[in-house]
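# Notes for the structure review
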Amino acid sequence: MTTSNLQLGDLAPDFTAPTTRGEIRFHEWLGDSWGVLFSHPKDFTPVCTTELGTLARLEPEFTRRNVKVVGLSVDAISDHERWSEDIARTQGQAPDFPLIGDPERRVADLYGMVHPGASDTMTVRSVFVIGPDKKIKLTLTYPASTGRNFQELLRAIDSLQLTARHQVATPADWKQGEEVIIVPAVSDEEANRRYPDGFRAETPYLRYVPQPGE
Ligand code: BEZ
């Protein structure tokens, strides 16, 4: 039974682990980048094959956002390498990013990725988005039967990166370039100073402005 209960704002635990790209020391490998650490349940399984192919194709989108991606399952590195050939053949691209081999579940337990109520032997579909300060900014947990939407992960990272730079929040279904919300902690007076072109107030607490630039 794993007892890890990592929460938003917690320091992402550091570890050293073997990967398909050599051994990594997690914090050192992240450097000043953002990070995505994700688990999949098992190599040579169908949904995981589509997920890894999708992420492999999307890797340039993560790189463009200064996000390093690393995957994990409780399989051995040699399995990850053999499976990558199937991913390349069936999905058009194999992952370039590292895959951690964690048959002893050292990292999986550190991050609470095995949920015994779902499976005693496999990791669930966990995602941890980690900021440049090494703190956990977002978590997702999906069951084995439901493949993740990685466009949604990119969208959420866009929001995390924007709201780290500006005192705004993003509304439901927001996408890059759309209006954002002025957070309640910013008074109308302060909002007028920050946004001299004005803002749109639907109610005293629901105030929109165009997405701020750099
Ligand atoms: C899958 O990737 O298809 C899968 C993996 C583990 C359990 C069930 C499905």
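Parameters at a glance
Residues numbered from 1 in each chain as written. Predicted model: local features only at pLDDT ≥ 70, side-chain atom pairs only at ≥ 80, totals over all residues. Heavy atoms only, no water. Helix = DSSP H or I, 4+ residues; strand = E, 2+ residues; numbered from the N terminus. Buried < 20%, exposed > 50% of the residue type's maximum accessible area, 1.4 Å probe, protein only. Contact = heavy atoms within 4.5 Å. Areas by Shrake-Rupley, 256 points an atom, 1.4 Å probe, with all protein chains shown as cover. Lys, Arg positive; Asp, Glu negative; His and termini not counted. Charge placed at Lys NZ, Arg CZ, Asp CG, Glu CD. Expected span 1.5 Å × (residues − 1). Pairing = 2+ DSSP bridges. Axes fitted to C-alpha atoms, helices over the stretch in contact; angles between N-to-C directions. Core = buried A, V, L, I, M, F, W, Y, C linked by side-chain atoms within 4.5 Å. Near = heavy atom within 4 Å. Polar contact = N/O pair within 3.5 Å; in protein donor to acceptor, adjacent residues only side chain to side chain. Nonpolar A, V, L, I, M, F, W, Y, C, P; charged D, E, K, R; others polar. Domains from an automatic or database assignment. Parallel < 35°, antiparallel > 145°, perpendicular 65-115°, else oblique. Left-handed = near helix turned anticlockwise from the far one by under 90°.

## A word on the overall build of the chain
If you tally the helices and strands in the chain, you get 6 helices and 11 strands. Seen along its three principal axes, the alpha-carbon backbone of the chain occupies a region of about 60 × 40 × 30 Å. Across the 214 residues that make up the chain, the buried fraction comes to 44%. Across the chain, the fraction of contacts at a sequence separation of at least 24, relative to all contacts at a separation of at least 6, is 66%. When the accessible area of the chain is evaluated, it comes to approximately 10,900 Å², of which 50% is carbon and sulfur surface. The positive charge centre, built from 23 side chains, and the negative charge centre, built from 31, are 1 Å apart in the chain.

## Looking at helix α3 (residues 77-91)
With 15 residues, α3 should reach 21 Å at 1.5 Å per residue; the first-to-last C-alpha distance of 20 Å fits that figure. Along α3, the residues that are buried comprise H80, W83, S84, I87 and Q91. Phi turns positive one or two residues past the end of α3, at G92, with a value near 90°.

## Notes on the sheet that holds strand β6 (residues 125-130)
In sheet architecture, strand pairing relies on hydrogen bonds along the backbone and comes in two forms, parallel and antiparallel. If you walk across this open sheet you meet the 5 strands as β5-β4-β3-β6-β7, and the pairing is mixed. Across the chains shown, the open sheet's two edge strands, defined by having one partner strand only, are β5 (99-101) and β7 (136-142). Strand-to-strand, the axes of this sheet are offset by a mean angle of 20°, without reference to chain direction. Inspection of the sheet shows strand β4 (residues 67-73) paired to β5 by 3 bridges, in the parallel sense.

## Some details on the nonpolar core
Ranked by size, the top nonpolar core spans 23 residues in total, and within it V36, F38, F62, V129 and L153 carry the most contacts. Secondary structure elements with two or more residues in this core: β3 (34-39), α2 (46-64), β4, α3, β6 and α5 (150-165). Aside from chain neighbours lying at most four places away, what touches F62 is V36, L55, V67, V69, L153, L154 and I157. Grouped together as the second largest cluster of nonpolar side chains are 18 residues, I24, L72, I100 and A108 included.

## Focus: the site of the ligand
Near the ligand the following residues occur: P41, T45, P46, V47, C48, M122, R125 and A144. Here an oxygen atom of the ligand and a backbone polar atom of P46 are 3.4 Å apart. The contact in question runs from an oxygen atom of the ligand to an N or O atom on the side chain of R125, over 3.1 Å. For the shell around the ligand, the element with the most residues is α2, which contributes 3 residues. Split by residue class, the shell around the ligand holds 6 nonpolar, 1 polar and 1 charged.

## Considering the domain arrangement of the chain
Considered domain by domain, the chain is made up of domain 1 (3-147) and domain 2 (166-209). One C-alpha centre belongs to domain 1, the other to domain 2; they are set 35 Å apart.

## Points about α5
At 3.6 residues per turn, the α-helix brings residues three or four places apart onto the same side. Here α5 spans 23 Å end to end across 16 residues, near enough to the 22 Å set by a 1.5 Å rise per residue. Where α5 is concerned, the buried positions are F150, L153, L154, A156, I157, D158, S159, L160, Q161 and L162.

## Section: the packing of α2 against α5
Two numbers describe how α2 lies on α5: the axes approach to 10 Å, and their chain directions differ by 30°. Looking at the two axes, α2 sits roughly parallel to α5. The way α2 lies across α5 gives a crossing that is right-handed. Contact residues: α2 offers E51, T54, L55, L58, E61 and F62, while α5 offers F150, Q151, L153, L154 and I157. Partitioned by chemical class, the residues of the contact of α2 with α5 number 7 nonpolar, 2 polar and 2 charged.

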